[in-house]
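# Commentary on secondary and tertiary structure
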Amino acid sequence: MTGPGRRFGEEGGLLTYGRYLQLPELLAAQVPQVEPPAHDELLFITVHQAYELWFQQLLHELTAVRDMMLAAGSYPQAGTDLWRARQWLRRAHVIERLLVTQIDVLETMTPQDFLEFRAALAPASGFQSVQFRELEFLSGAKDPRFVARFRALTEAERRRLDRRLAEPSLWDAYLGLLAARGLPAGDDQEILATLTEVARDRGRHDDLWQLAEDLLAHDELAGLWRARHVQMVERQIGTKSGTGGSTGAPYLRQRVPIRYYPLLWELRDRL
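First, a word on what this report is: a plain description of the structure on this page.

Rules used in this analysis
- Residues numbered from 1 in each chain as written.
- Predicted model: local features only at pLDDT ≥ 70, side-chain atom pairs only at ≥ 80, totals over all residues.
- Heavy atoms only, no water.
- Helix = DSSP H or I, 4+ residues; strand = E, 2+ residues; numbered from the N terminus.
- Buried < 20%, exposed > 50% of the residue type's maximum accessible area, 1.4 Å probe, protein only.
- Contact = heavy atoms within 4.5 Å.
- Areas by Shrake-Rupley, 256 points an atom, 1.4 Å probe, with all protein chains shown as cover.
- Lys, Arg positive; Asp, Glu negative; His and termini not counted.
- Charge placed at Lys NZ, Arg CZ, Asp CG, Glu CD.
- Patch = residues over 30% accessible without salt bridge, like charges linked within 9 Å, V, L, I, M, F, W, Y side chains within 5 Å.
- Salt bridge = Lys/Arg side-chain N within 4 Å of Asp/Glu carboxyl O.
- Axes fitted to C-alpha atoms, helices over the stretch in contact; angles between N-to-C directions.
- Parallel < 35°, antiparallel > 145°, perpendicular 65-115°, else oblique.
- Left-handed = near helix turned anticlockwise from the far one by under 90°.
- Nonpolar A, V, L, I, M, F, W, Y, C, P; charged D, E, K, R; others polar.
- 1 Å grid on protein atoms, 1.4 Å probe; cavity = no way out; pocket = protein on both sides within 12 Å on 5 of 7 lines; lining within 4 Å.
- Points joined across faces, edges and corners; volume = space filled by probe spheres on them.
- Expected span 1.5 Å × (residues − 1).
- Arc of directions from axis to C-beta.
- Phe/Tyr/Trp six-rings, centres within 6.5 Å; stacked < 30°, edge-to-face > 60°.

Here we come to the overall build of the chain. For the chain, the count of helices and strands is 13 helices and zero strands. Here the chain holds 271 residues, and 41% of them are scored as buried. Look at the contacts in the chain between residues 6 or more apart in sequence, and 72% of them connect residues 24 or more apart. For the chain, the exposed area adds up to about 15,100 Å²; of that, 55% sits on carbon and sulfur atoms. Averaging the positions of the 33 positive and the 37 negative side-chain charges in the chain gives two centres separated by 1 Å.

Given below as C-alpha cells:
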C-alpha cells in the first residue's frame, strides 16, 4: 500500500535497517589476519573495503553513462536527452573526490603502525583489484597485459575483465555520439577537428561539449587519485617493493601521467 494511508512505523517488523543493508554480513567481513593483533589493521581493511564498494558504485554509474551514450548514438532519431548521462557522470565526480580524500584516513596510520602487519599481506596487493582494472578499461585505458599478469583470478573475475576489454569504452560511446550527429570521428586528427568545432559552436553542440567536459573531469580526478595514492605509498613505505611483487612507488609514479582522453587535453591547445 502506498499513499497517505500508509503508516510506516507499523511495518517495522517487515524489514529492518540491518536486514536491508545486510549489516551482520557486512560488519563480519573485516577480519584482521596478524597475531598478535595490530591496532591499525582494522583501519586498513575498512578503508580498502570501502574503496571496493565505491568502485562498484562507479562501475554502476559509468556503465549506465556509456550505455546511454551508445543508445543515443545508435538511435539519434529517438531524441534521447543526455542530461541523465551528465547527471550520473557528475555523481561519479563526487565519488572520485571522496576516494581522493579517503587517503587522508589511511595517512593517520604511521609507517611504524603499518609495518606491524604489512608482511602478513603478501602476496596480496591493490594491484589485484579487479574492479579498479574494470574502471580503467571502461574509461578507455585498456591493456590486456594486466589480465595476463593477474595471479589467482577466478573464472568469474577473468570473464569480467575480458568483457570490459571487448566492450565499448566511454570514449567509444562518445565518438559514436559525434558520428551520429554527422560529425567526422575517424582518426585522431579528424576527431580533434570535430572537438574544436564542438567547442567553438556551443549553440549547436552544447550537450556534446558538456559531456566532453564531464569526461575530462573524470579523467582529471582519476589522475589526482593516482598522484595522491603514490604520495601516500611513499610516505608509508618509501621505495620498498609492493607486497604483490611490483616495484611499489616507482611503478605507481609511472602510471600518474596516464590520461584516458588525451585528445580532450590536446583540444586546449587549439582553443
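On the surface, Leu14, Leu15, Tyr17, Tyr20 and Leu21 cluster together into a nonpolar patch covering about 640 Å² of accessible area. With respect to the secondary-structure elements, leucine 21 resides in helix α1 (residues 17–21). Judged by its relative accessible area of 38%, leucine 21 is partly exposed.

What follows concerns a negative patch on the surface. Where like charges cluster on the molecular surface, the negative patch consists of Asp187, Asp188, Glu190, Glu266 and Asp269. Looking at the element boundaries, glutamate 266 is found in helix α13 (residues 262–266). For glutamate 266, a relative accessible area of 35% gives the class partly exposed.

The next subject is the packing of helix α3 (residues 41–74) against helix α4 (residues 83–106). Helix-helix packing is described using two parameters, namely the angle between the two axes and the distance between the axes. Taken N-terminus to C-terminus, the directions of α3 and α4 make an angle of 165°; their axes are 9 Å apart at the nearest point. Relative to α4, the element α3 lies roughly antiparallel. Crossing geometry of α3 relative to α4 is assigned as left-handed. Across the contact of α3 with α4, the residue classes break down as 22 nonpolar, three polar and four charged.

Throughout the structure, instances matching the rule amount to one cavity of 30 Å³ or more. Its volume calculated, the largest cavity comes out at about 180 Å³. Glu96, Phe132, Leu135, Ala222 and Tyr260 are, among the 14 residues lining the largest cavity, the residues nearest its centre. Among the elements that take part in the lining of the largest cavity, helix α11 (residues 202–237) stands out by supplying five residues, more than any other. Among the residues forming the lining of the largest cavity, the class breakdown is ten nonpolar, two polar and two charged.

Quick look at the pattern of salt bridges now. One pass over the full model with this rule turns up 20 salt bridges. Notably, a salt bridge pairs glutamate 61 with arginine 91, separated by 3.0 Å at the nearest N-O pair. Taken as a pair, glutamate 61 in helix α3 and arginine 91 in helix α4 lie far apart in primary sequence, 30 residues in all. Look at glutamate 61 and you get buried, because its relative accessible area is 3%. Classification of arginine 91 as partly exposed rests on a relative accessible area of 36%. Close ionic contact of arginine 202 with aspartate 206 constitutes a salt bridge, the shortest N to O distance being 3.2 Å. Here arginine 202 pairs with aspartate 206, and both are found in helix α11, just four residues apart, close to one helical turn. Connected through salt bridges with shared partners, the residues Arg66, Asp67, Glu134, Arg160, Arg163, Arg164 and Glu167 form a single ionic network.

Looking at the secondary structure, you find tryptophan 54 in helix α3. According to the relative accessible area criterion, tryptophan 54 is partly exposed, its value standing at 31%. Residues tryptophan 54 and glycine 182 lie 128 residues apart in sequence; the distance between their C-alpha atoms is 37 Å. With residues near it in sequence (within four places) discarded, tryptophan 54 still touches Ile95, Leu98, Leu99 and Gln102.

In a regular helix each residue adds 1.5 Å, so twelve residues correspond to 16 Å; helix α8 (residues 155–166) covers 16 Å between its end C-alpha atoms and thus fits that length. When α8 is considered as a whole, its buried residues turn out to be Leu161, Arg164 and Leu165. Down the axis of α8, the buried side of the element spans an arc of 105°, and every buried residue falls inside it. In α8, the exposed positions angled more than 90 degrees off the buried face are occupied by Glu155, Arg159 and Ala166. Next to the buried residues of α8 lie α3, α6 (130–139) and α7 (145–149).

Turning to the packing of aromatic side chains, a few remarks are in order. The description of two aromatic rings rests on the distance between their centres and on the angle between their planes. Taken as a whole and judged by the stated rule, the model has ten aromatic pairs. Where phenylalanine 44 meets phenylalanine 114, the ring centres are 5.3 Å apart and the plane angle is 25°; that geometry is what we call stacked. Here phenylalanine 114 lies in helix α5 (residues 111–115) and phenylalanine 44 lies in helix α3, a separation of 70 residues in the sequence. Of the two residues, phenylalanine 44 and phenylalanine 114, neither departs from the other in class, the shared state being buried. Here the aromatic rings of phenylalanine 44 and phenylalanine 117 are separated by 5.5 Å at their centres, their planes lie at 65°, and the arrangement is edge-to-face.

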